[in-house]
Amino acid sequence: MGLPRFKRPGGTIESSSNLYVANCGPAVGLTFDTIEAVFGAYGPVKGVYLADESGTRVIVSYHEERSAESALKALSRRACPELGGRSLHIQYSVHSVCQVAVDDSIPVSMAASELDIPGLYLIHDFISAEEEKTRNVNANQYLGELPSFLSPILEKMSLFQKLGYAETVLLDQLTVNEYPPGVGLSPHIDTHSAFEDLIFSLSLAGPCIMEFRKYSTGVWLTSPDTLNDEEAQNSEKSSKFLRRAIYLPPRSILLLSGEARYVWHHYIPHHKVDVVNDTRIRRASRRVSFTLRKVRKGPCECEFPEYCDSQK
Ligand SMILES: O=C(O)CCC(=O)C(=O)O
Ligand SMILES: [Fe+2]
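Residues numbered from 1 in each chain as written. Chains lettered and ligands numbered in written order. Predicted model: local features only at pLDDT ≥ 70, side-chain atom pairs only at ≥ 80, totals over all residues. Heavy atoms only, no water.

**What to know about the coordination of the iron ion (ligand 2)**
Reference geometry at the metal: tetrahedral coordination by four donors gives ideal angles of 109.5 degrees; octahedral coordination by six donors gives 90 or 180 degrees.
Consideration 1: Within the protein, His188 (NE2), Asp190 (OD) and His266 (NE2) serve as the donor atoms for the iron ion (ligand 2), at 2.1 to 2.2 Å.
Consideration 2: Expressed as a motif, the donor residue spacing for the iron ion (ligand 2) is H-x1-D-x75-H. (Donors = N, O, S within 2.8 Å, 3.2 Å for Na, K, Ca; no water.)

What follows is the structure in structure tokens.
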């Protein structure tokens with residue numbers, strides 16, 4: 001399955017049955033069903049699609065131009081009560097140039113060792129189902145030390161110490177992320193100057209597919225999502241970027257270190273349906289992740305200066 005190909009409006013389109021809707025999408029907490037329901041009030045909706053990888057811009061496609069016209073008039077730049085008071089920025093869009101393709105799937109590995117990314121480790125069932133359920137966050141915990149609900153997890157980190165990662169004892173920062181179904185995470189490298197070498201991510205509740213991209217220049221040059229399938233494959237061949245994907249089941253822990261942490265962008269595609277080795281899997285459950293890191297005090301002195309904000 002591919003997404004219809006739409007062009008961002010250039011300001012000259014006077015009418016179309018497709019609307020480009022900004023400030024709207026799964027990344028701002030609006031599901032496709034909600035968006036379809038709101039726009040459906042102005043005529044039958046053919047589909048709602050992501051306009052790009054941000055998760056904050058969508059294309060609403062109608063069967064008829066007059067529906068798009070009514071929706072644009074009624075909804076653009078007005079606080080919309082059905083969308084929690086959010087104000088949408090709407091323009092006409094034409095069916096033409098490629099945007100995000102959700103079917104540009106690549107083989108999804110179950111084991112980090114298959115990915116050939118130095119410094120990447122995945123341990124399945126790092127915590128038990130029992131531990132996953134019983135650890136709750138207490139918002140009153142004193143900020144400064146990591147909260148005590150993490151103690152059993154930190155104790156298990158001794159496993160990584162045996163692998164030669166003694167610094168796990170020093171972790172002092174926890175980020176809790178919640179991903180409703182369909183919501184992903186944009187591509188990034190965690191800032192070198194902000195955090196030390198080891199970055200752990202514990203997956204809870206639902207699974208996800210995490211993807212990795214390595215760019216030879218260190219920067220996110222052309223968005224590969226604007227390439228068509230053939231160009232995407234060719235760009236992998238001509239090594240503009242390398243791309244890998246791994247399945248992260250609940251209760252697993254992922255370690256990004258070395259090259260995996262400093263050089264590869266990591267992200268979670270904004271998809272409602274993941275394609276895992278030819279099987280389409282609807283993302284049904286929300287995912288929660290605990291990212292554990294150590295705040296860096298001095299500049300980063302990694303071996304990858306071209307990717308490093310401390311060494312530029
Ligand atoms: O949710 C995750 O597993 C990763 C989160 C992440 O990459 C981050 O917070 O920097
Ligand atoms: Fe990250």
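**Details of the pattern of salt bridges**
Consideration 1: Overall, the coordinates contain nine salt bridges when judged by the stated rule.
Consideration 2: Among the salt bridges present, the one from Lys73 reaches Glu69, with a minimum N-O distance of 3.1 Å. Residue Lys73 and its partner Glu69 are both found in helix α2 (residues 65–75); the two are separated by four residues, about one turn of the helix.
Consideration 3: Between Glu178 and Arg286 there is a salt bridge, and its shortest N-O distance comes to 2.5 Å. Remark: Arg286 occurs in the loop between β17 (279–282) and β18 (287–293) and Glu178 occurs in strand β9 (residues 173–179); sequence separation between them is 108 residues.
Consideration 4: Owing to a relative accessible area of 42%, Arg286 belongs among the partly exposed residues under this scheme. (Salt bridge = Lys/Arg side-chain N within 4 Å of Asp/Glu carboxyl O. Helix = DSSP H or I, 4+ residues; strand = E, 2+ residues; numbered from the N terminus. Buried < 20%, exposed > 50% of the residue type's maximum accessible area, 1.4 Å probe, protein only.)

**Details of the site of ligand 1**
Consideration 1: What surrounds ligand 1 is the set Asn177, Tyr179, Leu185, His188, Asp190, Ser201, Met210, His266, Arg287, Ser289, Thr291 and Arg293.
Consideration 2: Here an oxygen atom of ligand 1 sits 3.3 Å away from a polar atom, N or O, in the side chain of Asp190.
Consideration 3: Compared with its free state, where it exposes 300 Å², ligand 1 has 92% of that area covered by protein.
Consideration 4: Listing elements by their share of the shell around ligand 1, those giving two or more residues are β9, β10 (185–188) and β18.
Consideration 5: Ranked by residue count, the leading element in the shell around ligand 1 is β18, at four residues.
Consideration 6: Here the residues of the shell around ligand 1 are counted per class, giving three nonpolar, six polar and three charged. (Near = heavy atom within 4 Å. Polar contact = N/O pair within 3.5 Å; in protein donor to acceptor, adjacent residues only side chain to side chain. Areas by Shrake-Rupley, 256 points an atom, 1.4 Å probe, with all protein chains shown as cover. Nonpolar A, V, L, I, M, F, W, Y, C, P; charged D, E, K, R; others polar.)

**Focus on the packing of aromatic side chains**
Consideration 1: Counted under the stated rule, the structure contains four aromatic pairs.
Consideration 2: Between Phe160 and Phe200, the ring centres sit 4.8 Å apart and the planes meet at 70°, which makes this aromatic pair edge-to-face. Taken as a pair, Phe160 in helix α5 (residues 158–162) and Phe200 in strand β11 (residues 199–205) lie far apart in primary sequence, 40 residues in all. Here Phe160 matches Phe200 in class, with each residue buried.
Consideration 3: With a centroid separation of 6.1 Å and 40° between ring planes, the pair formed by Tyr262 and Phe304 is classed as tilted. Pair noted here: Tyr262 is in helix α7 (residues 258–262) and Phe304 is in the segment after β18, with a separation of 42 residues, a long-range link. For the pair shown, Tyr262 and Phe304 are each scored as buried.
Consideration 4: A network of ring pairs unites the aromatic residues Phe126, Phe160 and Phe200 as a single cluster.
Consideration 5: Seen from the ring of Phe195, Arg293 lies directly overhead, with NZ or CZ sitting 4.1 Å from the centre. (Phe/Tyr/Trp six-rings, centres within 6.5 Å; stacked < 30°, edge-to-face > 60°. Lys NZ or Arg CZ within 6 Å of the ring centre and 35° of its normal.)

**Some words on unusual backbone geometry**
Consideration 1: Here Arg77, not a glycine, exhibits a phi torsion of approximately 55°, which is positive.
Consideration 2: Structurally, Arg77 can be placed in the loop between α2 and β5 (79–80).

**Things to note about the sheet that holds β11**
In sheet architecture, strand pairing relies on hydrogen bonds along the backbone and comes in two forms, parallel and antiparallel.
Consideration 1: Taking strand neighbours across the sheet as the criterion, the five strands line up as β8-β14-β11-β18-β9 in an open arrangement whose pairing is antiparallel. Of all strands in the sheet, those bounded by a partner on one side alone are β8 (120–123) and β9. Strand-to-strand twist across the sheet, computed as the mean angle between neighbouring axes with direction ignored, equals 20°.
Consideration 2: Where β9 lies against β18, seven bridges are found, and the strand directions are antiparallel. Bridge pairing links Gln173 to Arg293 in β18. (Pairing = 2+ DSSP bridges. Axes fitted to C-alpha atoms, helices over the stretch in contact; angles between N-to-C directions.)

**Side note on the nonpolar core**
Consideration 1: In this structure, Leu120, Phe212, Ile246 and Leu254 are the most contacted members of the largest nonpolar core, which totals 25 residues.
Consideration 2: Those elements that place two or more of their residues in this core are β8, β12 (208–215), β13 (241–248), β14 (253–256) and α7.
Consideration 3: For this core, the leading source of residues is β12, giving three residues.
Consideration 4: Setting aside its immediate chain neighbours within four residues, Leu254 contacts Leu120, Tyr121, Leu122, Ile199, Phe200, Ser201, Met210, Phe212 and Leu248. (Core = buried A, V, L, I, M, F, W, Y, C linked by side-chain atoms within 4.5 Å. Contact = heavy atoms within 4.5 Å.)

All quantities given are derived from atomic positions and should not be read as evidence of function.
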